[in-house]
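Read off the chains here:
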Amino acid sequence: MKNKSLFIFIISILVVSISMGKDNSPFVRFPALNSNGSQIAFSYQGDIWTVPTSGGQAFRITIHEAYEENPQWSNDDKQIAFTSNRWGNNDIFVINATGGIPKRITYNSSSDLINDWTVSNKLLFSTRRTFRQIEWEKEIYSASPKGGTANRILDAFGDMPSMSPNGKYIAFVKGPCRISREDYHGSANRDLWIYDTQN
């Protein structure tokens, strides 16, 4: 009787583990639509892929053992900027939307995370370059997709910057509280701020 119970227990564990292992979730992360909504760029298994929004075959844009994430389409949809840890920390890279060899844009030892393209075709990203020792919050920088020195564009600290389509405003998140602290209410709350670039 004990052997039969043990056998049933083992079979039930196998059935449950096999059914849980057949999860059809593709683990697609960081989807981004292009300007006309016809293509989606996304991160899958640490590489950047694109696929038509109507469905069909996905195309791998990058292939590297490093983790690549957060793709962002350029305004003309010809390039995709993304964040990768190819050299140990997160840096920003730009690649043609059809693939090719990515160009490294940032070389700072701090982590850089691409967030958006500006209307003047610059990269908008958050980083902790200057004030890491005294502040918890990130700073907002911009850089040319051709390379060169990145510049801090706001005196305010913030994260996740996004430029309005007319280029007049930059929306960003301010507040160092971890998102996992959902019930927190205090001075470190995450708040949405709007910066007027023309005033």
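Quick caveat, the model's predicted, so the values are computed rather than measured. (Residues numbered from 1 in each chain as written. Predicted model: local features only at pLDDT ≥ 70, side-chain atom pairs only at ≥ 80, totals over all residues. Heavy atoms only, no water.)

A word on the sheet that holds strand β15 (residues 191-196)
Paired through their backbone hydrogen bonds, the strands of a sheet run either parallel or antiparallel. Selection criterion: In this description, strands pair whenever DSSP reports at least two bridges between them. Numbering of helices and strands runs from the N terminus, with a helix taken as a DSSP run of H or I at least four residues long and a strand as a DSSP run of E at least two residues long. As a rule, the C-alpha atoms of each element are fitted with a line to give its axis, helices using only the stretch in contact, and angles between N-to-C directions run from 0 to 180 degrees.
Within the open sheet, the three strands sit side by side as β13-β14-β15. Their pairing is antiparallel. A single partner strand is all that each edge strand has here, and the edge strands are β13 (159-163) and β15. Geometrically, the sheet is characterised by an average inter-axis angle of 20° between neighbouring strands, direction not taken into account. With six bridges joining them, strand β14 (residues 169-174) and β15 adopt antiparallel strand pairing. Within β15, the residue paired with Lys174 across the bridge is Asp191.

Observations regarding the packing of aromatic side chains
Aromatic rings in a pair are described by how distant their centres are and how their planes are angled relative to each other. The criterion, for reference: When two rings of Phe, Tyr or Trp (its six-membered ring) have centres within 6.5 Å they constitute a pair, described as stacked for plane angles under 30 degrees, edge-to-face for angles over 60, and tilted for the intermediate range. Note on exposure labels: buried denotes an accessible area under 20% of the residue type's maximum, exposed denotes more than 50%, and partly exposed covers the range between, all computed with a 1.4 Å probe on protein chains only.
One pass over the structure, following the stated rule, counts five aromatic pairs. With centroids separated by 5.8 Å and ring planes inclined at 15°, the aromatic side chains of Trp87 and Phe93 adopt a geometry described as stacked. Looking at Trp87, the relative accessible area reads 54%, which means it is exposed. The buried category is assigned to Phe93, whose relative accessible area is 2%. In textbook terms, an aromatic cluster arises when at least three aromatic residues are bridged by ring pairs, as seen for Phe82, Trp87 and Phe93.

A closer look at a nonpolar patch on the surface
Here is the rule we go by: A patch is a set of surface residues, each over 30% in relative accessible area and not in a salt bridge, joined within 9 Å for like charges and within 5 Å for the nonpolar side chains Val, Leu, Ile, Met, Phe, Trp and Tyr. To be clear on the numbers: accessible area is Shrake-Rupley with a 1.4 Å probe, and residue cover counts the displayed protein chains and nothing else. A pairing counts as a salt bridge when a side-chain nitrogen of Lys or Arg comes within 4 Å of a carboxyl oxygen of Asp or Glu.
Nonpolar side chains collect at one region of the surface, where Tyr169, Leu192 and Ile194 lie side by side and expose about 320 Å² of accessible area between them. With respect to the secondary-structure elements, Tyr169 resides in strand β14.

Looking at the nonpolar core
Here is the rule we go by: As used in this record, nonpolar core signifies buried Ala, Val, Leu, Ile, Met, Phe, Trp, Tyr and Cys residues forming a set joined through side-chain atoms within 4.5 Å. Note on contacts: a residue pair is in contact if any heavy atoms of the two residues lie within 4.5 Å.
Core analysis: the largest hydrophobic core is formed by 11 residues, namely Ala81, Ile92, Val94, Ile105, Ile114, Trp117, Leu123, Phe125, Tyr141, Ala143 and Ala150. Breaking this core down by element, the ones donating at least two residues are β7 (91-96), β9 (112-117), β10 (123-127) and β11 (139-143). What Tyr141 contacts, discounting residues up to four positions off in sequence, is Leu123, Leu124, Phe125, Thr127, Arg129, Thr130, Ala150, Asn151, Arg152 and Ile153. By size, the runner-up hydrophobic cluster in this structure holds 10 residues, among which are Ala32, Ile61, Phe93 and Ile95.

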